[in-house]
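Examining the three-dimensional arrangement
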Amino acid sequence: VQADIPADTTPLRSMDRDVKSRTLAEAEYQGHKILYRRANKVNELIVDGMVYDEYVAKLERQHQLYAQIGGHDICAGYNGSKSYILVDGDELVSKMRWY
C-alpha cells in the first residue's frame with residue numbers, strides 16, 4: 001500500500017519563455033528542473049516550465065514561494081542577501097545577490 005502522497009500544487013500558468021527575465025537560482029531534482037527567476041516585477045517559482053507560485057513587488061523583500069510536486073516540498077526564495085532553492089527543507093542551491 002502506497003503512503004498518501006499529497007496532491008501536486010496546481011500550476012498558475014506556463015512560463016513565458018519570451019519575456020525578459022533574470023535567473024535568480026536554478027537546480028535539478030529527481031528529473032525536475034526548478035527555476036527561480038524575476039520577470040518584470042514578478043519573481044516566479046517554475047518547475048518543468050510551469051509557474052507554481054509568484055511574488056509581485058517593485059521593491060523586493062524577503063519572501064518564499066512554494067510548490068508541492070511528486071510528494072516533495074519545493075521552496076524558492078530570498079532571505080535578504082541570498083536566493084535559494086530548497087526541496088523538503090534541504091538546500092539545493094544558494095546564491096549571493098549583489099543587486
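Details of the structure are given in the entry above.
Conventions and cut-offs
Residues numbered from 1 in each chain as written. Predicted model: local features only at pLDDT ≥ 70, side-chain atom pairs only at ≥ 80, totals over all residues. Heavy atoms only, no water. Core = buried A, V, L, I, M, F, W, Y, C linked by side-chain atoms within 4.5 Å. Buried < 20%, exposed > 50% of the residue type's maximum accessible area, 1.4 Å probe, protein only. Helix = DSSP H or I, 4+ residues; strand = E, 2+ residues; numbered from the N terminus. Contact = heavy atoms within 4.5 Å. Pairing = 2+ DSSP bridges.

1. Describing the nonpolar core
Note that soluble globular proteins tend to have their nonpolar side chains buried in a common cluster. Membership of the largest hydrophobic core comes to 18 residues, with the highest contact counts inside it found for I34, Y36, L45, V47, I69, I74 and I85. Elements with a minimum of two residues in this core: β2 (21-29), β3 (32-39), β4 (42-47), β5 (50-56), β6 (63-69), β7 (72-78) and β8 (82-87). If near-sequence neighbours (up to four positions away) are discounted, I85 is found in contact with A25, E26, A27, I34, Y36, C75, A76, D90, E91, L92 and V93.

2. Some words on the pairing of β7
Counting buried positions along β7 gives six out of seven residues, so the element sits mostly inside the fold. For β6 and β7, the ladder comprises seven bridges, and the chain directions are antiparallel. Counted as the bridge partner of Q64 is G77 from β7. What sits between β6 and β7 in their antiparallel hairpin is a turn of two residues, with G70 showing a positive phi close to 60°. Both β7 and β8 contribute to a ladder of five bridges, which runs antiparallel. What sits directly across from G77, in β8, is Y84. Here β7 folds back onto β8, and the loop between the two strands holds three residues, one of which, G80, carries a positive phi near 105°.

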